[in-house]
Amino acid sequence: LVNNTSRDCRPFILTAEHCAENVTKDGLNQSIAFFNYEKAICNAGNANSDNTILGMTLRASTSFSNGSDIMLLELNEEIPPEYNPYYNGWNKLDKLFLGGGVSIHHPKGDVKKISTYQSDLITADDSGINDNAFWQVNWVKTENGHGVTEVGSSGAPVFNNEKLVVGALSVGTS
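Residues numbered from 1 in each chain as written. Predicted model: local features only at pLDDT ≥ 70, side-chain atom pairs only at ≥ 80, totals over all residues. Heavy atoms only, no water.

(A) Representation of the overall build of the protein within the structure. A tally of regular secondary structure across the protein gives one helix and 13 strands. Counting helices and strands in the order they occur from the N terminus, the protein gives β-α-β-β-β-β-β-β-β-β-β-β-β-β. The buried share among the 174 residues of the protein stands at 34%. For the protein, the exposed area adds up to about 10,800 Å²; of that, 47% sits on carbon and sulfur atoms. (Helix = DSSP H or I, 4+ residues; strand = E, 2+ residues; numbered from the N terminus. Buried < 20%, exposed > 50% of the residue type's maximum accessible area, 1.4 Å probe, protein only. Areas by Shrake-Rupley, 256 points an atom, 1.4 Å probe, with all protein chains shown as cover.)

Next comes the structure, spelled out in structure tokens:
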């Protein structure tokens, strides 16, 4: 979830455009958003899948070929307070982000994973990527294991060390 400048808790979801590039309005109305899909201990027990909301609306998007890979959706109903929603802040300044951060993702719909990077974000330098449109993130091993992103992690937020969203996962290997 991302907050807006009005800070009115509208239920906006930031993701990657390629995750739903051909979805119809009816398809979005039938989409389900899961909340609190996580485990207290890795590889043990079941994750809660009871916190859901049905239906969302496309508010904005731009495709990878247009210089970014972003989609902004809005849930069709408010998020119940008992779901404990957190509306993330963001930073869109055109500057380098120094000192590392994390991504929180659900690869292929799996339970929540957290990957860490410790280096500064730099502009990606890969063929086919538009100049200054994407950050290069290098994940590092942590005490809990090797922090990587996986297929299906696209759309997850990239947080800087100030805990602000500075991008969304799009493409690349870990």
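(B) Representation of the nonpolar core. Formed by 13 residues in total, the largest nonpolar core has its most connected members in A33, F35, I53, M56, L73, L75 and I79. Among the nonpolar cores identified, the runner-up in size contains nine residues, and F97, L121, W139 and A156 belong to it. (Core = buried A, V, L, I, M, F, W, Y, C linked by side-chain atoms within 4.5 Å.)

(C) Looking closely at the packing of aromatic side chains. Taken as a whole and judged by the stated rule, the model has three aromatic pairs. Between F34 and Y37, the aromatic rings sit 6.2 Å apart at their centres with planes inclined by 50°, giving tilted as the arrangement. You can call F34 partly exposed: its relative accessible area is 47%. A relative accessible area of 25% places Y37 in the partly exposed class. Here Y117 and W139 contribute two aromatic rings whose centre-to-centre distance is 5.9 Å and whose plane-to-plane angle is 75°, an arrangement assigned as edge-to-face. Residue Y117 is located in strand β7 (residues 113-117), and its partner W139 is located in strand β10 (residues 139-142); the two are separated by 22 residues in the primary sequence. (Phe/Tyr/Trp six-rings, centres within 6.5 Å; stacked < 30°, edge-to-face > 60°.)

(D) Layout of the pattern of salt bridges. If you walk through the whole model with that rule in mind, you get four salt bridges. Between K112 and E38 there is a salt bridge, and its shortest N-O distance comes to 2.5 Å. Residue K112 is located in the loop between β6 (101-105) and β7, and its partner E38 is located in the loop between β2 (32-34) and β3 (52-54); the two are separated by 74 residues in the primary sequence. The exposure class of K112 is partly exposed, given its relative accessible area of 34%. (Salt bridge = Lys/Arg side-chain N within 4 Å of Asp/Glu carboxyl O.)

(E) Seen up close, the side chain of S115. Among the structural elements, S115 can be located in strand β7. On the accessibility criterion, S115 (1% relative accessible area) is buried. Here the side chain of S115 touches H105 through a polar contact of 2.9 Å, side chain to side chain. Among all residues touching S115, those that are not within four sequence positions of it are G101, V102, S103, H105, W139, G147, V148 and T149. (Polar contact = N/O pair within 3.5 Å; in protein donor to acceptor, adjacent residues only side chain to side chain. Contact = heavy atoms within 4.5 Å.)

(F) Quick look at the sheet that holds strand β1 (residues 12-15). Reading across the sheet, the three strands line up as β1-β5-β4 and stay open at both edges, with antiparallel pairing between neighbours. At either end of the open sheet lies a strand with only one pairing partner, and these are β1 and β4 (56-62). Neighbour-to-neighbour, the strand axes of the sheet open up by a mean angle of 20°, direction not taken into account. Of the pairings in the sheet, the one linking β4 to strand β5 (residues 70-75) comprises six bridges and is antiparallel in character. Note on β5: the bridge partner recorded for T62 is I70. (Pairing = 2+ DSSP bridges. Axes fitted to C-alpha atoms, helices over the stretch in contact; angles between N-to-C directions.)

Remember, this is a structural readout, not a statement about activity or role.
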